[in-house]
Amino acid sequence: MKVVVDMNKCQDHGQCVFAAPDVFSMDGDGHLVYVAGPGEELRDEVEEAADVCPLQAIRIEG
Amino acid sequence: MTGRAVVVGASMGGLRAAEQLRAAGWTGAITVVGDEPHMPYNRPPLSKEVLAGKASFESLAFTPKAAAADVEWRLGTKVLAARLDERIVDLDDGEAIRYDGLVVATGMRPRRLRCPGPLAGRHTVRTLADAQGLRDELTRPDARVVVVGAGFIGCEVAATAIGLGVREVTVVDPLPLPMVGPLGELLGRALLRRHEERGVRFALGAGVAGFEGEDRVTGVVLGDGTVLPADVVVESVGSIANVEWLQDNGLDLSDGVLTDERLRIGGRPEVVAVGDVARFPNARYDGVPRRVEHWSIPTDTAKHAAKVLVTHLVGADGEMAPFAPLPTFWSDQHEFRLQSFGAPVLGKDDVRVLDGDPEGDVLVGYHTGGQLVGVVALGGQAAATGAARYRAQLLKSPALTA
Ligand SMILES: Cc1cc2nc3c(=O)[nH]c(=O)nc-3n(C[C@H](O)[C@H](O)[C@H](O)COP(=O)(O)OP(=O)(O)OC[C@H]3O[C@@H](n4cnc5c(N)ncnc54)[C@H](O)[C@@H]3O)c2cc1C
(Lines give C-alpha, C1' and ligand atoms only; values in the text may rest on other atoms or scores of the structure.)
Protein backbone atom coordinates (compact mmCIF):
# COMPACT_ATOMS: atom_id res chain seq x y z
CA MET A 1 0.00 0.00 0.00
CA LYS A 2 1.28 3.43 -0.95
CA VAL A 3 0.07 6.60 0.77
CA VAL A 4 0.21 9.92 -1.05
CA VAL A 5 -0.63 13.22 0.63
CA ASP A 6 -1.15 16.25 -1.56
CA MET A 7 0.96 18.67 0.47
CA ASN A 8 -0.40 21.61 -1.52
CA LYS A 9 -3.82 20.79 -0.09
CA CYS A 10 -2.79 19.72 3.42
CA GLN A 11 -3.61 22.38 6.05
CA ASP A 12 -2.26 20.48 9.06
CA HIS A 13 -5.66 19.77 10.64
CA GLY A 14 -4.17 16.62 12.16
CA GLN A 15 -7.32 14.50 11.94
CA CYS A 16 -5.33 11.78 10.18
CA VAL A 17 -2.98 11.64 13.17
CA PHE A 18 -5.88 10.58 15.40
CA ALA A 19 -7.13 8.03 12.88
CA ALA A 20 -3.78 6.45 12.01
CA PRO A 21 -1.11 7.42 14.55
CA ASP A 22 1.28 4.76 13.20
CA VAL A 23 1.33 6.41 9.80
CA PHE A 24 0.74 10.14 10.34
CA SER A 25 2.26 12.51 12.88
CA MET A 26 3.02 16.18 13.40
CA ASP A 27 6.59 17.46 13.53
CA GLY A 28 7.79 20.04 16.06
CA ASP A 29 6.40 22.88 13.94
CA GLY A 30 2.96 21.29 13.73
CA HIS A 31 3.37 20.13 10.13
CA LEU A 32 2.34 16.75 8.82
CA VAL A 33 4.85 13.96 8.31
CA TYR A 34 3.86 10.45 7.22
CA VAL A 35 5.05 6.97 6.32
CA ALA A 36 4.64 6.58 2.55
CA GLY A 37 4.70 2.78 2.46
CA PRO A 38 2.92 1.45 5.57
CA GLY A 39 2.26 -2.26 6.08
CA GLU A 40 -0.95 -3.82 4.77
CA GLU A 41 -2.16 -4.43 8.35
CA LEU A 42 -2.64 -0.66 8.68
CA ARG A 43 -5.05 -0.36 5.74
CA ASP A 44 -8.18 0.18 7.85
CA GLU A 45 -6.47 2.93 9.82
CA VAL A 46 -5.21 4.65 6.70
CA GLU A 47 -8.63 4.47 5.02
CA GLU A 48 -10.13 6.05 8.10
CA ALA A 49 -7.48 8.79 7.95
CA ALA A 50 -8.29 9.47 4.29
CA ASP A 51 -12.00 9.73 5.15
CA VAL A 52 -11.51 12.22 7.95
CA CYS A 53 -9.10 14.55 6.13
CA PRO A 54 -11.02 17.86 5.84
CA LEU A 55 -9.10 18.69 2.67
CA GLN A 56 -9.43 15.17 1.21
CA ALA A 57 -5.70 15.34 0.58
CA ILE A 58 -4.85 11.69 1.36
CA ARG A 59 -4.83 9.11 -1.43
CA ILE A 60 -4.19 5.37 -1.09
CA GLU A 61 -2.64 3.62 -4.07
CA GLY A 62 -2.60 -0.15 -4.48
CA MET B 1 -27.54 -11.03 -1.40
CA THR B 2 -30.41 -9.51 -3.33
CA GLY B 3 -32.42 -6.40 -2.77
CA ARG B 4 -31.82 -2.69 -2.97
CA ALA B 5 -30.60 -0.02 -0.61
CA VAL B 6 -31.68 3.50 -1.50
CA VAL B 7 -29.80 6.51 -0.17
CA VAL B 8 -31.58 9.87 -0.47
CA GLY B 9 -29.16 12.82 -0.64
CA ALA B 10 -25.97 12.71 -2.71
CA SER B 11 -23.60 14.81 -0.64
CA MET B 12 -20.98 13.74 1.87
CA GLY B 13 -23.44 11.80 4.05
CA GLY B 14 -24.91 9.99 1.04
CA LEU B 15 -21.50 9.04 -0.35
CA ARG B 16 -20.18 7.81 2.99
CA ALA B 17 -23.39 5.83 3.55
CA ALA B 18 -23.02 4.06 0.20
CA GLU B 19 -19.37 3.27 0.89
CA GLN B 20 -20.07 2.06 4.39
CA LEU B 21 -22.92 -0.19 3.23
CA ARG B 22 -20.33 -1.99 1.10
CA ALA B 23 -17.81 -1.98 3.97
CA ALA B 24 -20.48 -3.53 6.21
CA GLY B 25 -20.97 -6.35 3.69
CA TRP B 26 -24.01 -5.29 1.65
CA THR B 27 -23.64 -6.79 -1.83
CA GLY B 28 -27.12 -5.91 -3.12
CA ALA B 29 -27.87 -2.92 -5.32
CA ILE B 30 -27.30 0.62 -4.05
CA THR B 31 -29.00 3.67 -5.58
CA VAL B 32 -28.14 7.18 -4.41
CA VAL B 33 -30.63 9.88 -5.39
CA GLY B 34 -29.58 13.53 -5.14
CA ASP B 35 -31.14 16.73 -6.43
CA GLU B 36 -27.89 18.62 -7.06
CA PRO B 37 -26.37 18.07 -10.52
CA HIS B 38 -22.92 17.22 -9.09
CA MET B 39 -21.28 14.17 -7.63
CA PRO B 40 -20.64 14.68 -3.88
CA TYR B 41 -18.26 17.53 -3.08
CA ASN B 42 -16.71 19.04 -0.01
CA ARG B 43 -18.67 22.01 1.39
CA PRO B 44 -16.31 23.73 3.89
CA PRO B 45 -14.21 25.35 1.13
CA LEU B 46 -17.36 27.05 -0.21
CA SER B 47 -17.16 29.83 2.38
CA LYS B 48 -13.36 29.96 2.19
CA GLU B 49 -11.26 28.85 -0.81
CA VAL B 50 -14.13 28.84 -3.34
CA LEU B 51 -15.18 32.39 -2.44
CA ALA B 52 -11.55 33.41 -2.54
CA GLY B 53 -11.24 31.92 -6.04
CA LYS B 54 -8.68 29.35 -4.88
CA ALA B 55 -10.56 26.10 -5.53
CA SER B 56 -12.05 24.45 -8.58
CA PHE B 57 -14.87 21.92 -8.57
CA GLU B 58 -12.33 19.17 -9.31
CA SER B 59 -10.50 19.97 -6.11
CA LEU B 60 -13.74 19.77 -4.10
CA ALA B 61 -15.12 16.50 -5.48
CA PHE B 62 -14.80 13.48 -3.23
CA THR B 63 -13.16 10.42 -4.75
CA PRO B 64 -15.57 7.52 -4.13
CA LYS B 65 -13.94 4.36 -2.82
CA ALA B 66 -13.35 1.54 -5.31
CA ALA B 67 -15.71 -0.75 -3.37
CA ALA B 68 -18.54 1.65 -4.18
CA ALA B 69 -17.82 1.77 -7.92
CA ASP B 70 -21.06 -0.06 -8.79
CA VAL B 71 -23.33 2.38 -6.97
CA GLU B 72 -26.03 3.87 -9.18
CA TRP B 73 -26.08 7.68 -8.95
CA ARG B 74 -29.36 9.41 -9.82
CA LEU B 75 -28.23 13.02 -9.85
CA GLY B 76 -30.37 16.07 -10.59
CA THR B 77 -33.28 14.02 -9.25
CA LYS B 78 -35.38 14.92 -6.25
CA VAL B 79 -37.22 12.51 -4.02
CA LEU B 80 -40.72 13.94 -3.59
CA ALA B 81 -42.07 11.47 -1.06
CA ALA B 82 -41.36 8.32 0.87
CA ARG B 83 -44.00 5.71 1.58
CA LEU B 84 -42.33 3.91 4.46
CA ASP B 85 -45.10 1.32 4.97
CA GLU B 86 -44.73 0.22 1.34
CA ARG B 87 -40.93 0.77 1.22
CA ILE B 88 -41.15 3.02 -1.83
CA VAL B 89 -39.69 6.42 -2.67
CA ASP B 90 -41.24 8.61 -5.37
CA LEU B 91 -38.91 10.60 -7.62
CA ASP B 92 -39.65 13.86 -9.42
CA ASP B 93 -39.16 12.16 -12.80
CA GLY B 94 -42.20 10.01 -12.09
CA GLU B 95 -40.35 6.85 -11.13
CA ALA B 96 -41.02 5.01 -7.89
CA ILE B 97 -38.19 2.92 -6.43
CA ARG B 98 -38.77 0.02 -4.07
CA TYR B 99 -36.17 -0.46 -1.40
CA ASP B 100 -35.22 -2.99 1.22
CA GLY B 101 -33.15 -0.49 3.17
CA LEU B 102 -33.39 3.31 3.16
CA VAL B 103 -30.81 5.89 4.24
CA VAL B 104 -31.97 9.46 4.86
CA ALA B 105 -29.10 11.86 4.01
CA THR B 106 -30.87 15.00 2.79
CA GLY B 107 -29.03 17.52 4.98
CA MET B 108 -30.02 21.15 5.35
CA ARG B 109 -30.79 24.26 3.33
CA PRO B 110 -30.21 27.85 4.43
CA ARG B 111 -32.94 29.59 6.35
CA ARG B 112 -34.03 32.82 4.64
CA LEU B 113 -35.05 36.07 6.29
CA ARG B 114 -38.69 36.76 5.81
CA CYS B 115 -38.78 40.52 5.82
CA PRO B 116 -39.85 43.01 3.17
CA GLY B 117 -37.59 44.13 0.34
CA PRO B 118 -36.08 42.97 -2.96
CA LEU B 119 -34.46 39.55 -3.34
CA ALA B 120 -31.77 40.42 -5.90
CA GLY B 121 -28.36 40.92 -4.33
CA ARG B 122 -29.17 38.64 -1.38
CA HIS B 123 -27.16 35.43 -1.14
CA THR B 124 -26.82 32.26 0.91
CA VAL B 125 -23.90 29.81 0.91
CA ARG B 126 -24.72 26.11 0.88
CA THR B 127 -24.03 24.85 -2.63
CA LEU B 128 -21.29 25.27 -5.18
CA ALA B 129 -23.63 27.38 -7.33
CA ASP B 130 -24.32 29.65 -4.33
CA ALA B 131 -20.61 30.19 -3.66
CA GLN B 132 -19.77 30.87 -7.30
CA GLY B 133 -22.63 33.37 -7.59
CA LEU B 134 -21.52 35.18 -4.45
CA ARG B 135 -17.90 35.24 -5.56
CA ASP B 136 -18.82 37.11 -8.74
CA GLU B 137 -20.54 39.80 -6.67
CA LEU B 138 -17.85 40.11 -4.00
CA THR B 139 -15.27 40.87 -6.63
CA ARG B 140 -17.24 43.86 -7.97
CA PRO B 141 -15.19 46.98 -7.31
CA ASP B 142 -16.15 48.76 -4.11
CA ALA B 143 -18.92 46.35 -3.20
CA ARG B 144 -20.41 47.12 0.21
CA VAL B 145 -21.12 43.81 1.87
CA VAL B 146 -23.48 43.15 4.77
CA VAL B 147 -23.43 39.70 6.32
CA VAL B 148 -26.51 38.87 8.35
CA GLY B 149 -25.70 36.36 11.09
CA ALA B 150 -22.46 36.16 13.10
CA GLY B 151 -22.27 32.37 13.27
CA PHE B 152 -19.63 30.15 11.68
CA ILE B 153 -20.54 30.73 8.07
CA GLY B 154 -21.17 34.46 8.52
CA CYS B 155 -17.80 34.95 10.22
CA GLU B 156 -16.01 32.89 7.56
CA VAL B 157 -17.64 34.79 4.70
CA ALA B 158 -16.78 38.14 6.31
CA ALA B 159 -13.15 37.06 6.77
CA THR B 160 -12.91 35.78 3.19
CA ALA B 161 -14.40 39.02 1.85
CA ILE B 162 -11.82 41.11 3.74
CA GLY B 163 -9.12 38.80 2.37
CA LEU B 164 -10.41 39.50 -1.13
CA GLY B 165 -9.93 43.22 -0.57
CA VAL B 166 -13.58 44.14 -0.08
CA ARG B 167 -13.45 47.48 1.70
CA GLU B 168 -16.72 47.53 3.58
CA VAL B 169 -17.85 44.37 5.34
CA THR B 170 -20.38 44.62 8.17
CA VAL B 171 -21.72 41.67 10.16
CA VAL B 172 -25.17 42.11 11.73
CA ASP B 173 -26.53 39.95 14.54
CA PRO B 174 -29.16 40.41 17.25
CA LEU B 175 -26.79 38.68 19.71
CA PRO B 176 -24.05 40.74 21.42
CA LEU B 177 -21.01 38.74 20.16
CA PRO B 178 -20.02 36.56 17.19
CA MET B 179 -20.55 32.79 17.65
CA VAL B 180 -21.69 33.37 21.21
CA GLY B 181 -24.41 30.71 20.87
CA PRO B 182 -22.11 27.72 20.38
CA LEU B 183 -18.95 29.08 22.04
CA GLY B 184 -19.95 31.53 24.80
CA GLU B 185 -18.65 34.97 25.74
CA LEU B 186 -14.96 34.40 26.29
CA LEU B 187 -14.24 33.25 22.74
CA GLY B 188 -16.98 35.47 21.32
CA ARG B 189 -15.09 38.51 22.58
CA ALA B 190 -11.75 37.18 21.35
CA LEU B 191 -13.24 36.62 17.90
CA LEU B 192 -14.86 40.03 17.78
CA ARG B 193 -11.53 41.71 18.49
CA ARG B 194 -9.67 39.68 15.87
CA HIS B 195 -12.25 40.41 13.19
CA GLU B 196 -12.35 44.12 14.00
CA GLU B 197 -8.56 44.38 13.91
CA ARG B 198 -8.67 43.01 10.38
CA GLY B 199 -11.29 45.49 9.23
CA VAL B 200 -14.62 43.70 9.67
CA ARG B 201 -17.28 45.96 11.17
CA PHE B 202 -20.06 44.71 13.41
CA ALA B 203 -23.61 45.84 14.14
CA LEU B 204 -24.44 43.66 17.12
CA GLY B 205 -27.54 43.57 19.26
CA ALA B 206 -29.66 44.52 16.26
CA GLY B 207 -31.90 42.41 14.07
CA VAL B 208 -32.82 43.02 10.45
CA ALA B 209 -36.22 44.62 9.90
CA GLY B 210 -36.14 44.82 6.13
CA PHE B 211 -34.21 45.58 2.96
CA GLU B 212 -34.13 48.76 0.91
CA GLY B 213 -34.01 48.97 -2.86
CA GLU B 214 -36.23 48.71 -5.92
CA ASP B 215 -34.96 45.95 -8.22
CA ARG B 216 -32.09 44.91 -6.04
CA VAL B 217 -30.96 45.46 -2.51
CA THR B 218 -29.32 48.83 -1.70
CA GLY B 219 -29.49 48.77 2.08
CA VAL B 220 -30.25 46.73 5.17
CA VAL B 221 -32.70 48.24 7.65
CA LEU B 222 -32.03 47.29 11.26
CA GLY B 223 -34.63 46.96 14.02
CA ASP B 224 -33.55 50.30 15.53
CA GLY B 225 -34.09 52.09 12.22
CA THR B 226 -30.41 52.33 11.20
CA VAL B 227 -29.84 51.70 7.49
CA LEU B 228 -26.59 50.03 6.39
CA PRO B 229 -25.87 50.73 2.70
CA ALA B 230 -25.32 47.41 0.91
CA ASP B 231 -24.66 46.17 -2.62
CA VAL B 232 -24.35 42.54 -1.55
CA VAL B 233 -26.09 40.83 1.36
CA VAL B 234 -25.21 37.39 2.67
CA GLU B 235 -27.85 35.71 4.82
CA SER B 236 -26.27 33.19 7.17
CA VAL B 237 -29.00 32.84 9.72
CA GLY B 238 -29.12 29.12 10.26
CA SER B 239 -30.55 26.22 8.31
CA ILE B 240 -33.68 24.16 7.83
CA ALA B 241 -33.67 20.38 7.48
CA ASN B 242 -34.74 18.87 4.15
CA VAL B 243 -37.39 16.54 5.55
CA GLU B 244 -40.58 17.51 3.72
CA TRP B 245 -40.34 14.35 1.59
CA LEU B 246 -40.66 12.24 4.75
CA GLN B 247 -43.92 13.73 5.97
CA ASP B 248 -47.14 11.68 6.33
CA ASN B 249 -45.18 8.78 7.80
CA GLY B 250 -45.87 9.63 11.44
CA LEU B 251 -42.24 10.65 12.08
CA ASP B 252 -40.97 13.33 14.45
CA LEU B 253 -39.70 15.92 11.93
CA SER B 254 -39.72 18.89 14.30
CA ASP B 255 -35.95 19.50 13.82
CA GLY B 256 -34.39 17.17 11.29
CA VAL B 257 -35.50 13.56 11.66
CA LEU B 258 -35.49 11.99 15.11
CA THR B 259 -33.52 8.76 15.40
CA ASP B 260 -33.04 6.23 18.17
CA GLU B 261 -29.63 5.60 19.73
CA ARG B 262 -28.67 3.46 16.72
CA LEU B 263 -29.74 6.01 14.10
CA ARG B 264 -32.92 4.14 13.09
CA ILE B 265 -36.02 6.21 12.50
CA GLY B 266 -39.69 5.68 13.24
CA GLY B 267 -39.02 2.36 14.98
CA ARG B 268 -38.17 0.86 11.59
CA PRO B 269 -35.00 -1.22 11.45
CA GLU B 270 -34.77 -0.74 7.67
CA VAL B 271 -34.64 3.08 7.76
CA VAL B 272 -31.66 5.03 9.12
CA ALA B 273 -30.50 8.65 8.99
CA VAL B 274 -27.01 10.15 8.59
CA GLY B 275 -25.39 13.57 8.53
CA ASP B 276 -26.74 17.01 9.36
CA VAL B 277 -30.37 15.91 9.07
CA ALA B 278 -30.18 13.25 11.81
CA ARG B 279 -31.31 14.27 15.32
CA PHE B 280 -29.77 11.56 17.45
CA PRO B 281 -29.06 10.97 21.13
CA ASN B 282 -25.31 10.77 21.79
CA ALA B 283 -24.59 8.11 24.45
CA ARG B 284 -21.51 10.14 25.43
CA TYR B 285 -23.71 12.93 26.71
CA ASP B 286 -27.13 13.24 28.25
CA GLY B 287 -29.36 11.24 25.92
CA VAL B 288 -31.07 14.35 24.54
CA PRO B 289 -31.39 14.00 20.75
CA ARG B 290 -29.61 16.79 18.86
CA ARG B 291 -28.63 17.53 15.30
CA VAL B 292 -24.88 18.14 14.87
CA GLU B 293 -23.88 20.21 11.81
CA HIS B 294 -20.19 19.35 11.80
CA TRP B 295 -18.19 17.93 8.96
CA SER B 296 -17.14 14.83 10.93
CA ILE B 297 -20.74 13.74 11.52
CA PRO B 298 -21.67 12.41 8.04
CA THR B 299 -18.74 9.99 8.22
CA ASP B 300 -19.33 8.98 11.85
CA THR B 301 -23.07 8.48 11.38
CA ALA B 302 -22.63 6.64 8.08
CA LYS B 303 -20.32 4.08 9.66
CA HIS B 304 -22.68 3.35 12.48
CA ALA B 305 -25.92 3.50 10.50
CA ALA B 306 -24.62 1.27 7.69
CA LYS B 307 -23.66 -1.45 10.16
CA VAL B 308 -27.03 -1.24 11.87
CA LEU B 309 -28.87 -1.40 8.54
CA VAL B 310 -26.83 -4.23 7.01
CA THR B 311 -27.04 -6.29 10.21
CA HIS B 312 -30.82 -6.06 9.94
CA LEU B 313 -30.99 -6.67 6.18
CA VAL B 314 -28.91 -9.84 6.30
CA GLY B 315 -30.88 -11.08 9.31
CA ALA B 316 -27.90 -11.27 11.62
CA ASP B 317 -28.43 -10.36 15.23
CA GLY B 318 -26.09 -8.87 17.73
CA GLU B 319 -26.82 -5.49 19.20
CA MET B 320 -24.16 -2.86 18.61
CA ALA B 321 -23.07 -0.37 21.19
CA PRO B 322 -25.14 2.82 21.04
CA PHE B 323 -23.76 5.62 18.91
CA ALA B 324 -21.37 7.85 20.90
CA PRO B 325 -19.26 10.02 18.59
CA LEU B 326 -16.88 12.72 19.84
CA PRO B 327 -18.00 15.78 17.90
CA THR B 328 -15.21 17.80 16.30
CA PHE B 329 -15.28 20.88 14.13
CA TRP B 330 -12.99 23.56 12.86
CA SER B 331 -13.48 26.98 11.34
CA ASP B 332 -10.89 29.02 9.44
CA GLN B 333 -11.26 32.81 9.69
CA HIS B 334 -8.57 35.21 8.46
CA GLU B 335 -5.29 33.47 9.28
CA PHE B 336 -6.49 31.78 12.46
CA ARG B 337 -8.30 28.52 13.11
CA LEU B 338 -10.88 27.42 15.63
CA GLN B 339 -10.57 23.74 16.49
CA SER B 340 -13.11 22.10 18.75
CA PHE B 341 -13.45 18.68 20.36
CA GLY B 342 -16.42 17.50 22.39
CA ALA B 343 -19.56 19.52 23.12
CA PRO B 344 -18.67 23.06 24.27
CA VAL B 345 -22.32 24.00 24.09
CA LEU B 346 -23.07 21.67 27.03
CA GLY B 347 -20.46 23.37 29.23
CA LYS B 348 -21.03 27.03 28.40
CA ASP B 349 -21.85 27.98 32.01
CA ASP B 350 -18.36 27.05 33.23
CA VAL B 351 -15.74 28.21 30.74
CA ARG B 352 -12.06 28.47 31.69
CA VAL B 353 -8.81 29.21 29.89
CA LEU B 354 -6.74 26.02 29.93
CA ASP B 355 -3.68 27.46 28.25
CA GLY B 356 -2.51 30.69 26.60
CA ASP B 357 -4.60 33.83 26.76
CA PRO B 358 -7.52 35.19 24.76
CA GLU B 359 -5.37 37.96 23.27
CA GLY B 360 -3.18 35.42 21.51
CA ASP B 361 -3.34 31.68 21.00
CA VAL B 362 -5.76 30.26 23.53
CA LEU B 363 -7.17 26.94 24.62
CA VAL B 364 -10.54 27.07 26.36
CA GLY B 365 -12.26 24.33 28.39
CA TYR B 366 -16.02 23.95 28.81
CA HIS B 367 -17.25 22.14 31.93
CA THR B 368 -20.46 20.89 33.44
CA GLY B 369 -20.67 19.56 37.00
CA GLY B 370 -16.89 19.93 37.20
CA GLN B 371 -16.36 17.62 34.20
CA LEU B 372 -14.63 18.79 31.04
CA VAL B 373 -17.06 18.32 28.11
CA GLY B 374 -15.45 20.38 25.36
CA VAL B 375 -12.23 22.15 24.39
CA VAL B 376 -11.80 24.83 21.76
CA ALA B 377 -8.50 26.16 20.46
CA LEU B 378 -8.30 29.57 18.82
CA GLY B 379 -5.17 30.76 17.10
CA GLY B 380 -2.26 29.05 15.47
CA GLN B 381 -1.05 25.50 15.30
CA ALA B 382 0.23 25.51 18.90
CA ALA B 383 -3.28 25.98 20.24
CA ALA B 384 -4.67 23.20 18.06
CA THR B 385 -1.91 20.83 19.15
CA GLY B 386 -2.78 21.70 22.74
CA ALA B 387 -6.44 20.87 22.11
CA ALA B 388 -5.44 17.48 20.76
CA ARG B 389 -3.97 16.62 24.16
CA TYR B 390 -7.38 17.11 25.76
CA ARG B 391 -9.10 15.06 23.10
CA ALA B 392 -7.92 11.84 24.76
CA GLN B 393 -9.29 13.03 28.09
CA LEU B 394 -12.66 13.84 26.50
CA LEU B 395 -12.78 10.40 24.94
CA LYS B 396 -12.21 8.76 28.33
CA SER B 397 -14.63 10.91 30.33
CA PRO B 398 -17.65 9.11 31.79
CA ALA B 399 -20.95 9.71 30.02
CA LEU B 400 -23.03 12.58 31.35
CA THR B 401 -26.27 11.63 32.98
CA ALA B 402 -29.56 13.16 31.93
C1 LIG C 1 -20.47 26.86 3.49
C2 LIG C 1 -20.24 25.77 4.49
C3 LIG C 1 -19.05 25.72 5.22
C4 LIG C 1 -18.83 24.72 6.16
N5 LIG C 1 -17.65 24.73 6.85
C6 LIG C 1 -17.43 23.81 7.82
C7 LIG C 1 -16.23 23.84 8.58
O8 LIG C 1 -15.34 24.67 8.38
N9 LIG C 1 -16.07 22.90 9.55
C10 LIG C 1 -17.02 21.96 9.82
O11 LIG C 1 -16.83 21.12 10.73
N12 LIG C 1 -18.18 21.90 9.09
C13 LIG C 1 -18.40 22.81 8.11
N14 LIG C 1 -19.58 22.76 7.37
C15 LIG C 1 -20.59 21.72 7.68
C16 LIG C 1 -20.48 20.48 6.79
O17 LIG C 1 -20.15 20.82 5.49
C18 LIG C 1 -21.80 19.73 6.84
O19 LIG C 1 -21.97 19.27 8.15
C20 LIG C 1 -21.90 18.58 5.84
O21 LIG C 1 -21.83 19.06 4.53
C22 LIG C 1 -23.19 17.82 6.00
O23 LIG C 1 -23.31 16.82 5.00
P24 LIG C 1 -24.68 16.07 4.70
O25 LIG C 1 -24.38 15.09 3.63
O26 LIG C 1 -25.28 15.60 5.98
O27 LIG C 1 -25.70 17.19 4.20
P28 LIG C 1 -25.65 18.11 2.89
O29 LIG C 1 -24.25 18.42 2.54
O30 LIG C 1 -26.60 19.23 3.17
O31 LIG C 1 -26.24 17.19 1.73
C32 LIG C 1 -27.58 16.87 1.55
C33 LIG C 1 -27.83 16.66 0.08
O34 LIG C 1 -29.13 16.13 -0.11
C35 LIG C 1 -29.76 16.82 -1.19
N36 LIG C 1 -31.23 16.72 -1.02
C37 LIG C 1 -31.99 17.37 -0.12
N38 LIG C 1 -33.29 17.01 -0.24
C39 LIG C 1 -33.34 16.10 -1.26
C40 LIG C 1 -34.41 15.35 -1.86
N41 LIG C 1 -35.68 15.45 -1.43
N42 LIG C 1 -34.11 14.53 -2.88
C43 LIG C 1 -32.82 14.39 -3.31
N44 LIG C 1 -31.77 15.07 -2.77
C45 LIG C 1 -32.04 15.91 -1.74
C46 LIG C 1 -29.21 18.22 -1.06
O47 LIG C 1 -29.38 18.95 -2.25
C48 LIG C 1 -27.76 17.94 -0.74
O49 LIG C 1 -26.99 17.73 -1.89
C50 LIG C 1 -19.82 23.75 6.41
C51 LIG C 1 -21.03 23.77 5.69
C52 LIG C 1 -21.24 24.78 4.74
C53 LIG C 1 -22.55 24.79 3.99
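As the structure is a prediction and not an experimental result, all values here were calculated from the model.

Caption draft 1: Molecular detail of the sheet that holds strand S14 (residues 219-222) of chain B. All names here are of chain B. Strand order in this open sheet of three strands is S13-S14-S15, and the pairing throughout is antiparallel. Looking at strand neighbours, the two that pair on one side only are strand S13 (208-212) and strand S15 (227-229), the edges of this open sheet. On average, adjacent strands in this sheet sit at an angle of 25 degrees to one another, irrespective of strand direction. Inspection of the sheet shows S13 paired to S14 by four bridges, in the antiparallel sense. Pairing of Phe211 across the sheet is with Val220, part of S14.

Caption draft 2: View of the site of the ligand. Residue and element names in this part refer to chain B. Neighbouring the ligand are 34 residues, the closest being Asp35, Glu36, Arg43, Lys48 and Asp276. Within the side chain of Asp35, a nitrogen or oxygen atom sits 2.4 Å from an oxygen atom of the ligand. Contacts to the ligand include Met108, whose backbone N or O atom sits 3.4 Å from an oxygen atom. Of all the elements in the fold, those that place two or more residues in the shell around the ligand are helix H1 (12-23), helix H4 (152-163) and strand S23 (328-333). Looking at the shell around the ligand residue by residue, the classes come out as 14 nonpolar, 11 polar and nine charged.

Caption draft 3: Highlighting the pattern of salt bridges. Residue and element names in this part refer to chain B. Considering all chains together, one arrives at 40 salt bridges over all chains under this definition. For Glu244, the salt bridge is made with Arg109, and the minimal N-O distance between the two is 2.7 Å. Of this pair, Glu244 sits in the loop between strand S17 (239-241) and strand S18 (257-258) while Arg109 sits in strand S8 (residues 108-110); the two residues are 135 residues apart in sequence, bridging distant segments of the chain. Residue Arg109 is classed as partly exposed on the basis of its relative accessible area of 32%.

Thresholds applied
Residues numbered from 1 in each chain as written. Chains lettered and ligands numbered in written order. Predicted model: local features only at pLDDT ≥ 70, side-chain atom pairs only at ≥ 80, totals over all residues. Heavy atoms only, no water. Pairing = 2+ DSSP bridges. Helix = DSSP H or I, 4+ residues; strand = E, 2+ residues; numbered from the N terminus. Axes fitted to C-alpha atoms, helices over the stretch in contact; angles between N-to-C directions. Near = heavy atom within 4 Å. Polar contact = N/O pair within 3.5 Å; in protein donor to acceptor, adjacent residues only side chain to side chain. Nonpolar A, V, L, I, M, F, W, Y, C, P; charged D, E, K, R; others polar. Salt bridge = Lys/Arg side-chain N within 4 Å of Asp/Glu carboxyl O. Buried < 20%, exposed > 50% of the residue type's maximum accessible area, 1.4 Å probe, protein only.

As far as function goes, none of this settles anything; it's purely spatial.
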